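A look at the structure
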Amino acid sequence: MSLDIASIDTISEINMDYTATIFLRQRWTDERLCFEGNKSLSLDGRLVELLWVPDTFIVDSKKSFLHDITVENRLIRIYPNGTVLYALRITTTVACSMDLTKYPMDKQTWGYNINDVMFYWTRGNDSVRGLNTLRLAQYTVEDHYTSVSEAVYETGRYPKLVFHFDLKRNILYFILETYVPSILLVVLSWVSFWISQSSVPARICIGVTTVLTMTTLMMGARTSLPNANCFIKAIDVYLGICFSFIFGALLEYAIAHFCTLQRPEYKNSTEKKLFMDDELDMNGSIPAVTSRKSQQTETNDANKSENCKMCCLALSVMRRLLCIFYCFQVENPHHIDNYSRLTFPLSFMIINVFYWVYYLYF
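Predicted, not measured: the structure shown is a model, and the values here were computed from it.

**What about the pattern of salt bridges?**
- With the rule as written, the count across this model stands at 8 salt bridges.
- In this structure, Arg-25 and Asp-4 form a salt bridge, with 3.1 Å as the shortest nitrogen-oxygen distance. With a gap of 21 residues between them, Arg-25 in strand S2 (residues 17-29) and Asp-4 in strand S1 (residues 2-12) connect regions that are remote in the sequence.
- When its relative accessible area of 29% is taken as the criterion, Arg-25 is described as partly exposed.
- Residue Asp-4 is classed as partly exposed on the basis of its relative accessible area, which comes to 22%.
- Salt bridges sharing partners connect three or more residues here, namely Arg-203, Glu-252 and Asp-337.

**Some remarks on the packing of aromatic side chains**
- Under the criterion given, the structure shown has 20 aromatic pairs.
- Ring geometry for Tyr-238 against Trp-356: centres 6.0 Å apart, planes inclined by 55°, an arrangement best described as tilted. On the criterion of sequence distance, the pair formed by Tyr-238 in helix H3 (residues 234-261) and Trp-356 in helix H6 (residues 334-361) is long-range, its members being 118 residues apart.
- Tyr-238 sits in the buried class, given a relative accessible area of 1%.
- A network of ring pairs unites the aromatic residues Tyr-179, Tyr-238, Tyr-355, Trp-356, Tyr-358, Tyr-359 and Phe-362 as a single cluster.

Conventions we followed
- Residues numbered from 1 in each chain as written.
- Predicted model: local features only at pLDDT ≥ 70, side-chain atom pairs only at ≥ 80, totals over all residues.
- Heavy atoms only, no water.
- Salt bridge = Lys/Arg side-chain N within 4 Å of Asp/Glu carboxyl O.
- Helix = DSSP H or I, 4+ residues; strand = E, 2+ residues; numbered from the N terminus.
- Buried < 20%, exposed > 50% of the residue type's maximum accessible area, 1.4 Å probe, protein only.
- Phe/Tyr/Trp six-rings, centres within 6.5 Å; stacked < 30°, edge-to-face > 60°.

Here it is in C-alpha cells:
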C-alpha cells in the first residue's frame with residue numbers, strides 16, 4: 001500500500017477532525033490472474049466488481065466519497081505474474097483527538113484478519129508522498145512517518161497501517177489577530193495613570209471601555225475552539241492575564257479616588273509627642289517605682305510594679321499593631337498613580353517573559 005496526499009482541505013478544532021484528498025494505491029498478487037506476456041493490462045474501473053479486493057477501510061473516517069468526474073476515479077492494472085494494482089482517489093473526513101493545551105502554539109500528530117490478508121507499506125516511509133509540496137493556511141508540516149500495527153476486534157486480529165504526520169500551527173496569524181490587540185488594550189488601560197484623579201469621567205471611561213473590549217476579544221478567540229472546558233489553553237491563559245491587568249487598572253483608580261476622599265489629616269504635635277512616648281514604652285523603658293514608705297511596704301510595691309509592667313507590655317503590643325496599620329495608610333493618594341506607572345508595565349513584561357518561555361520551550 002502507498003498513498004499520495006493531494007491536499008488537506010480543512011482542519012477543524014471544533015469538530016476534532018480534518019478533511020484530506022488522497023490517492024490510495026494497493027498492490028496484491030492473485031495467482032488466478034496470471035497470463036502470458038510481458039506487458040501489463042489496464043482494465044475499466046467498473047470491472048473491479050469481478051475481482052477480489054481487500055476490505056481496506058479508514059479506521060477513524062467520519063465521511064468519505066470516491067470521485068466520479070468524469071468517470072469513477074479508480075485504476076485497475078494487472079501484470080503477467082498476477083499482481084494487481086488498484087488505485088483510488090478518495091476525499092475523507094477523519095476524526096482525530098487534538099491536544100489543545102498549548103493552543104495556538106500546539107503541534108498535532110495524526111494515524112483485516114491477519115490469517116487472510118497482511119498489509120505492509122510498499123516503500124516504508126517513502127510510501128507517502130505529497131507532503132513536501134503541501135501548503136496549508138495555518139500549519140506547517142514538520143515530519144511524517146509510517147508504521148505497522150494490529151487492530152484487535154471481537155472477530156479477530158486485523159493488520160493496520162498507520163500514517164503519522166506532525167503539523168505545527170503558524171502563530172503569526174494569532175499574534176496579529178489576538179496577541180497584539182490584547183497587548184495594546186493593556187497599554188491603553190495604563191493611560192489612566194497619567195490622567196488627573198479629578199477627571200472621574202475620563203478615567204472611568206477608559207477603564208470600562210478596555211474591560212468591555214477585552215471581554216469581546218476573549219469571546220471572539222473562542223469561536224473557533226471546541227466548547228469543552230476540560231483543559232485550559234495557552235491563549236486562554238494569556239487573555240486572562242491581560243484581562244487581570246486591565247481590571248486591575250480600573251480598581252487602582254477606585255482605590256486612589258477613595259483614598260483622596262478619605263485622606264487623613266496630618267497629626268498634630270501633641271499626638272506625635274504621645275507617639276514618641278509610646279515608643280519609649282515599647283522599648284521597655286518602664287519608670288522606676290519609688291517609694292517614700294518604709295522598708296515594710298517594699299514587697300507590695302514590687303507586686304504593683306509587676307502588674308504595671310504587664311499592662312504596659314500589652315499596651316505596647318497594641319500600639320505596635322496600630323503603628324503597622326498606620327504605615328499602610330496613604331497620606332498622598334497621588335503617589336498611587338506614580339507607583340502604578342512603574343509596577344504595572346514592569347510586572348506585565350516579567351509575566352510575558354515567563355509565559356513565552358514556558359509555552360515555546362517546555
